[in-house]
Amino acid sequence: MKNTILSLLMLTTFTAAVAQKSEISAAKQSYALYELGLQTKAENAKQLITLNDAKVATDKAMVNEKTKDNGELWAYRSLILSAISATDTLNKSNAENAFKGALESINKAKALDSKSDYAKIIESAENNLSVTMQNKGLAAFNSKNYLEAYNSFKYIATVLPKDSTFNLYTAIAANNAALYDESINFYNKTLVINPSNPNIYHELGKVYLTKLDTASALKTFEDGSAVHPNNINLIFDALNIYLNRGQSAQKIGKIETAIAKDSLNKTLRFVAGIAYSANKQIDKAEGAYKKAIALDPNYQEAYYNLGILYINRGNDFITAANKLPNTKAGQLKYDELKKSFDAQLSKAQPFIEKALELNPKDVSTMNTLREIYVKLNKLDKATALKKKIDQM
């Protein structure tokens, strides 16, 4: 009789343990059905019913003393809730509650999973939440809610710290939300992951300039130029800081050193022309632009800048002429200066024409050339060009 009672007690205890574990199994089975639904493209409503069945199973396991601290339970609960958050597009409150529950479950699962037995399940849950936050972040950004976009992208960047795309998105959203320190932080993280995009240096430097930190901006631009020596935007970025500081000569020295190392670099020659012009070294600027053109006969910007250099020279003559006194001697000097003005415009004409030939839809170049034609009394050409401009 005693043996029979003992056997019954053992059977009852064993059956209870199986029942406790069966809730976790039921949750796993329901989640497997959800994954099958993904493959067969089942409707969201049906998928949510399946996921809710899985959630209910975890609810029961959570309140059971035998399973409430089971790492597998919390790993699967995080996965199930994260899937609900990503799937329920109609009930915002339900999706948000599921998201919060998934975060809590992820933290609980990580605390219990000391041997990382369920690391892949937890990672899948985090990826599901990342999808939710990606959609939320993009929608917020497009509606100009940059703070919400920042918080959404920041979550993904935290979960996926080696993902350069979402670190970049976080930086952009932070900048638009005027969170400049956060933007700088995530731009720098992006550069550590992927320094191959020169525009990131450019944008990071601009954030520093917004904070009036020109020293950090200059360092960023020059660091970028060291990695991308032919990127003209970064060269201009640094040059503008030197010019604003009245330190064009210092930048010229750096450009000349770079040219000595790479004499066939057309971009360096072009930038040298700009720097020389800013430093009133017009003859050197002229030579630099001509060398850039010699290196690349289709260098549109170099043709245009060289033409503008001649126009500016001509303007200096006409400015001086307009200051002369209204006397006979003044008139003679005026005529002399006017000839010099016309000569400079004549020198500019073929370079501006070539620039327009290389970029025939550039309205700014068209207007510049038309002004030359008008000043040189080439009215037929000016009229023909005006018609083209009006048709643009």
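In the block above lies the structure referred to throughout.
Everything numeric here is computed off the predicted structure, so don't read it as measured data. (Residues numbered from 1 in each chain as written. Predicted model: local features only at pLDDT ≥ 70, side-chain atom pairs only at ≥ 80, totals over all residues. Heavy atoms only, no water.)

Caption draft 1: The overall build of the chain, seen in detail. From N to C terminus, the chain includes 18 helices and zero strands. Over its C-alpha atoms the chain spans a radius of gyration of 35 Å, topping by over 25% the 21 Å that the globule rule assigns to 392 residues. Along the longest, intermediate and shortest principal axes, the C-alpha atoms of the chain span 140 × 45 × 35 Å. Burial statistics for the chain: of 392 residues in total, 39% are counted as buried. By sequence separation, contacts in the chain at least 24 residues apart represent 53% of the contacts at least 6 residues apart. With the model as given, the accessible surface of the chain reaches about 21900 Å², and the carbon-plus-sulfur share is 54%. The chain carries 50 positive and 40 negative side-chain charges, and their two centres are separated by 4 Å. (Helix = DSSP H or I, 4+ residues; strand = E, 2+ residues; numbered from the N terminus. Rg over C-alpha atoms; globule rule 2.2 N^0.38 Å. Buried < 20%, exposed > 50% of the residue type's maximum accessible area, 1.4 Å probe, protein only. Contact = heavy atoms within 4.5 Å. Areas by Shrake-Rupley, 256 points an atom, 1.4 Å probe, with all protein chains shown as cover. Lys, Arg positive; Asp, Glu negative; His and termini not counted. Charge placed at Lys NZ, Arg CZ, Asp CG, Glu CD.)

Caption draft 2: Spotlight on helix α10 (residues 214–227). Between its terminal C-alpha atoms α10 stretches 20 Å, which fits the 20 Å expected from 14 residues at 1.5 Å a residue. Looking only at α10, the buried set comprises Ala-217, Leu-218, Thr-220, Phe-221, Gly-224 and Ser-225. Seen from one end, α10 has its buried residues packed into an arc of 160 degrees, which puts them on one side. Pointing more than 90 degrees away from the buried face of α10 are the exposed residues Lys-219 and Ala-226. Buried-residue contacts for α10 involve α9 (198–210) and α11 (232–244). (Expected span 1.5 Å × (residues − 1). Arc of directions from axis to C-beta.)

Caption draft 3: View of the nonpolar core. In this structure, Tyr-31, Leu-51, Ile-80 and Tyr-155 are the most contacted members of the largest nonpolar core, which totals 55 residues. In terms of residue count, helix α3 (residues 71–87) provides more of this core than any other element does, nine residues in total. Excluding anything up to four places from it in sequence, Tyr-155 contacts Phe-99, Leu-103, Glu-126, Leu-129, Ser-130 and Met-133. Within the second largest apolar cluster, 42 residues are counted, among which are Phe-270, Ile-274, Leu-345 and Ile-372. (Core = buried A, V, L, I, M, F, W, Y, C linked by side-chain atoms within 4.5 Å.)

Caption draft 4: Molecular detail of unusual backbone geometry. Of note in this structure, Lys-280 is not a glycine but carries a positive phi near 65 degrees. By the secondary structure assignment, Lys-280 is in the loop between α13 (266–278) and α14 (282–295). Positive phi, close to 65 degrees, is recorded for Asn-377, a residue that is not glycine. Looking at Asn-377, the relative accessible area reads 57%, which means it is exposed.

Caption draft 5: Layout of the pattern of salt bridges. All chains considered together, the criterion is met by 19 salt bridges. The residue Lys-219 makes a salt bridge to Asp-223 at a minimum N-O spacing of 2.8 Å. Here Asp-223 and Lys-219 lie together in helix α10, a separation of four residues that amounts to about one turn. For Asp-223, a relative accessible area of 34% gives the class partly exposed. (Salt bridge = Lys/Arg side-chain N within 4 Å of Asp/Glu carboxyl O.)

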